[in-house]
Amino acid sequence: MTALSSPNDDLRRFSDVLEDLGDDPGEKLSLEELVAAFGERGFGAMILILSLLALLPWPPGGKAIFAIPIILMALELAFQRTSVWLPRWMLNTAVSRDAYTALILSPIAAPNWLRRWVQGTKFRMAGRTYGFTNAVRRVVRRRRRGTSVLSLVRAIERLSRPRLPYLTGDVADTFTGLVCVFLALTMALPIPFGDALPGIALLLFSLGMMQRDGVAILLGVVATAACALYLLLIWATVVDAAHHVAAWFARVFG
């Protein structure tokens, strides 16, 4: 089912639509309301807002609630569909409007567990030990300031503009859609802290689609590469741990 929207919705700034969604009446914010609010900007806007919601802390399996519609919309984008279509049961899915408002208005800061993890975590791969760069550690150490998701989106709106059109055309949209499928699948995997990087990459791709900004698409590609590297590091860590466990069993029972 395709949700309908008012033509005026397409003339408003994306940040204004984000803010108005939090002010609307009703305790729940449904997916159908989101699709209708964003109008012709549906694909980029919907992927962006669902990625933001997915970055909230959810119980195990909660990320899949957002990953599934992202995958469907990314496939529609890859196959050159011009408007968002989602099944009725999915359009009826809703989240708390208070949680949504807190997400877009609260100051941005890394949680304490992420600070501790980034500062102390090391990865072993191919006999070498790797850690996060000093630049990443400095960013994570920053405390809460006045910057919120909404103010950040408004700053990006002022900086972003149509550029590098060959990265936002029909052929590029097919590539972007397929990459977003990979990112949504990764975000839904039960990987420790594995939702942040694909979520950031999805945000960049969606901004690039909405603003027709090829620079944002390029940054999304970089974030996707970082996500793939993180998956590789996690896999190498799991393999290394499995070898240690196998060696321990061999010593105990061998």
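Predicted model only: the values in this text are computed from it and were never measured.

A few points about the environment of Val95
Part 1 of the argument: Its location among the elements puts Val95 in strand 2 (residues 94–96).
Part 2 of the argument: A residue is classified by how much of its surface remains accessible, and Val95, at 13% relative accessible area, is buried.
Part 3 of the argument: A C-alpha to C-alpha distance of 8.5 Å links Val95 and Glu27, two positions 68 residues apart in sequence.

A word on the packing of helix 3 (residues 42–54) against helix 4 (residues 63–78)
Part 1 of the argument: Packing of helix 3 against helix 4 brings their axes to within 9 Å, and their N-to-C directions diverge by 160 degrees. In terms of their interaxial angle, helix 3 and helix 4 are classed as roughly antiparallel. In this structure, helix 3 meets helix 4 at a crossing whose hand is left-handed. Between helix 3, through Phe43, Met46, Ile47, Leu50, Ser51, Leu53 and Ala54, and helix 4, the contact on the second element is made entirely by Lys63, Phe66, Pro69, Ile70, Met73, Glu76 and Leu77.
Part 2 of the argument: Broken down by class, the residue content of the contact of helix 3 with helix 4 amounts to eleven nonpolar, one polar and two charged.

Points about a nonpolar patch on the surface
Part 1 of the argument: A cluster of nonpolar side chains, Val245, Trp248, Phe249, Val252 and Phe253, forms an exposed patch at the surface whose accessible area comes to about 530 Å².
Part 2 of the argument: Mapped onto the elements of the fold, Phe253 is located in helix 12 (residues 214–253).

Thoughts on helix 10 (residues 170–188)
Part 1 of the argument: Taking 1.5 Å per residue as the helical rise, helix 10 with its 19 residues ought to reach 27 Å, and the 27 Å between its terminal C-alpha atoms agrees with that figure.
Part 2 of the argument: Taken together, the buried positions of helix 10 are occupied by Ala172, Asp173, Thr176, Gly177, Val179, Cys180, Val181, Leu183, Ala184, Thr186 and Met187.
Part 3 of the argument: Taken together, the buried residues of helix 10 touch helix 3, helix 4, helix 11 (196–211) and helix 12.

Considerations on helix 11
Part 1 of the argument: Taking 1.5 Å per residue, 16 residues should reach 22 Å; helix 11 reaches 22 Å between its end C-alpha atoms and fits that length.
Part 2 of the argument: Those residues of helix 11 that fall on the buried side of the exposure criterion are Pro198, Gly199, Ala201, Leu202, Leu203, Phe205, Ser206, Leu207, Gly208, Met209 and Met210.
Part 3 of the argument: Its buried side turned inward, helix 11 meets helix 1 (14–23), helix 3, helix 4, helix 9 (149–159), helix 10 and helix 12.
Part 4 of the argument: Looking one or two places after helix 11, you find Arg212, whose phi comes out positive at around 55 degrees.

Considering the confidence of the model for the protein chain
Part 1 of the argument: Considering every residue of the protein chain, the mean pLDDT works out to 76; 74% of them sit at 70 or more.
Part 2 of the argument: Ranking the elements of the protein chain by mean pLDDT puts helix 8 (residues 134–141) last, at 60, and helix 10 first, at 87.
Part 3 of the argument: A low-confidence stretch, residues 2–10 stays under pLDDT 50, and its non-local contacts, those more than four residues away or across chains, total 19 contacts.

Re unusual backbone geometry
Part 1 of the argument: A positive phi is found at Gln80, a non-glycine position, where the angle reads about 65 degrees.
Part 2 of the argument: Locating Gln80 in the fold gives a position in the loop between helix 4 and helix 5 (88–91).
Part 3 of the argument: A relative accessible area of 35% means that Gln80 is categorised as partly exposed.
Part 4 of the argument: One non-glycine residue, Leu164, adopts positive backbone phi at about 50 degrees.
Part 5 of the argument: Since its relative accessible area comes to 27%, Leu164 is described here as partly exposed.

Remarks on the nonpolar core
Part 1 of the argument: Phe38, Met46 and Ile49 are the most contacted members of the largest nonpolar core, which has 56 residues in total.
Part 2 of the argument: Ranked by residue count, the leading element in this core is helix 3, at ten residues.

What about the environment of Leu164?
Part 1 of the argument: For Leu164, the position within the fold is in the loop between helix 9 and helix 10.
Part 2 of the argument: Linking Leu164 and Leu218, residues 54 residues apart in sequence, is a C-alpha distance of 9.7 Å.
Part 3 of the argument: Every residue in contact with Leu164, bar those within four places of it in the chain, is listed here: Gly214, Val215 and Leu218.

What counts, and where the lines are drawn
- Residues numbered from 1 in each chain as written.
- Predicted model: local features only at pLDDT ≥ 70, side-chain atom pairs only at ≥ 80, totals over all residues.
- Heavy atoms only, no water.
- Helix = DSSP H or I, 4+ residues; strand = E, 2+ residues; numbered from the N terminus.
- Buried < 20%, exposed > 50% of the residue type's maximum accessible area, 1.4 Å probe, protein only.
- Axes fitted to C-alpha atoms, helices over the stretch in contact; angles between N-to-C directions.
- Parallel < 35°, antiparallel > 145°, perpendicular 65-115°, else oblique.
- Left-handed = near helix turned anticlockwise from the far one by under 90°.
- Contact = heavy atoms within 4.5 Å.
- Nonpolar A, V, L, I, M, F, W, Y, C, P; charged D, E, K, R; others polar.
- Patch = residues over 30% accessible without salt bridge, like charges linked within 9 Å, V, L, I, M, F, W, Y side chains within 5 Å.
- Areas by Shrake-Rupley, 256 points an atom, 1.4 Å probe, with all protein chains shown as cover.
- Salt bridge = Lys/Arg side-chain N within 4 Å of Asp/Glu carboxyl O.
- Expected span 1.5 Å × (residues − 1).
- pLDDT = per-residue confidence, 0-100.
- Core = buried A, V, L, I, M, F, W, Y, C linked by side-chain atoms within 4.5 Å.

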